[in-house]
Amino acid sequence: DAGVIQSPRHEVTEMGQEVTLRCKPISGHNSLFWYRQTMMRGLELLIYFNNNVPIDDSGMPEDRFSAKMPNASFSTLKIQPSEPRDSAVYFCASSYEGAVSPLHFGNGTRLTVT
Amino acid sequence: GEDVEQSLFLSVREGDSSVINCTYTDSSSTYLYWYKQEPGAGLQLLTYIFSNMDMKQDQRLTVLLNKKDKHLSLRIADTQTGDSAIYFCAEKPITGTASKLTFGTGTRLQVTL
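Presented here is a report on the structure given in the accompanying data block. Since we're looking at a predicted model, the values are computed, not measured.

Criteria and cut-off values
Residues numbered from 1 in each chain as written. Chains lettered and ligands numbered in written order. Predicted model: local features only at pLDDT ≥ 70, side-chain atom pairs only at ≥ 80, totals over all residues. Heavy atoms only, no water. Buried < 20%, exposed > 50% of the residue type's maximum accessible area, 1.4 Å probe, protein only. Helix = DSSP H or I, 4+ residues; strand = E, 2+ residues; numbered from the N terminus. Pairing = 2+ DSSP bridges. Core = buried A, V, L, I, M, F, W, Y, C linked by side-chain atoms within 4.5 Å. Contact = heavy atoms within 4.5 Å.

The next point concerns the pairing of strand 4 (residues 31-38) of chain A. Residue and element names in this part refer to chain A. The buried fraction of strand 4 is high, at 7 of 8 residues. Where strand 4 and strand 5 (residues 42-50) come together, 8 bridges link them in antiparallel fashion. In the strand pairing of strand 5, Q37 is matched with L43. When strand 4 meets strand 9 (residues 88-95), the two strands line up antiparallel, connected through 7 bridges. Note on strand 9: the bridge partner recorded for L32 is S94.

In structure tokens:
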């Protein structure tokens, strides 16, 4: 099992540019989560999909953020336009919906917006 | 809403036991998890416990749950330098439609020689 795969591992971009983060969940998992981690705010849930459908996007900070899950094996998180305050580590996690449902995290994308 | 609190930092000497504490507020039946995050990596599930259990042991790890006080602890026996990481407590209510966890702020464990 390859685990949750995120790309890129690092992204450095200039303010105003579009950024796209990618995630491949574990095969067979039906829930996918995007988190953001910063020193100031800790780990924040941005959006949660179940069976490819967005269930809760209340954590998405602004309209500049959007996420899609076109199929069970791929999701994207897009920031357009990016701002310096978006600099953070973005994690994707997946799980199989059930009683225990532990999350399996990818290694994250470290985004730096200058 | 649910809230999970942890102390921010713990320093222990190699070979000693580490105890990382966590308190939570959700009173419904729940699963509680411990995750470990090493530098540059994502969170890795260490262990979990259901709220009808008091204790769970897995090799060097012991989880203790005081449901009355909503207090969870993770004990690491014979702490090694490789245990240096951030440890997150998380809770999930058994009811509800969302498979969402509420994470604590994380406790940074520093192991000194």
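Additional details are given in the paragraphs that follow.
Take the nonpolar core next. Among the nonpolar cores identified, the biggest contains 21 residues, and L32(A), W34(A), F49(A), M60(A), A67(A), L77(A) and Y90(A) are the most heavily contacted of them. Secondary-structure elements contributing two or more residues to this core are strand 3 (19-24), strand 4, strand 5, strand 7 (65-71), strand 8 (74-79), strand 9 and strand 11 (109-113) of chain A. Ignoring sequence-local partners within four residues, the contact set of L32(A) consists of C23(A), P25(A), I47(A), Y48(A), F49(A), M69(A), S75(A), C92(A), A93(A) and S94(A). Counting residues in each nonpolar core, the second largest holds 19 residues, with Y24(B), L32(B), A85(B) and L109(B) among its members.

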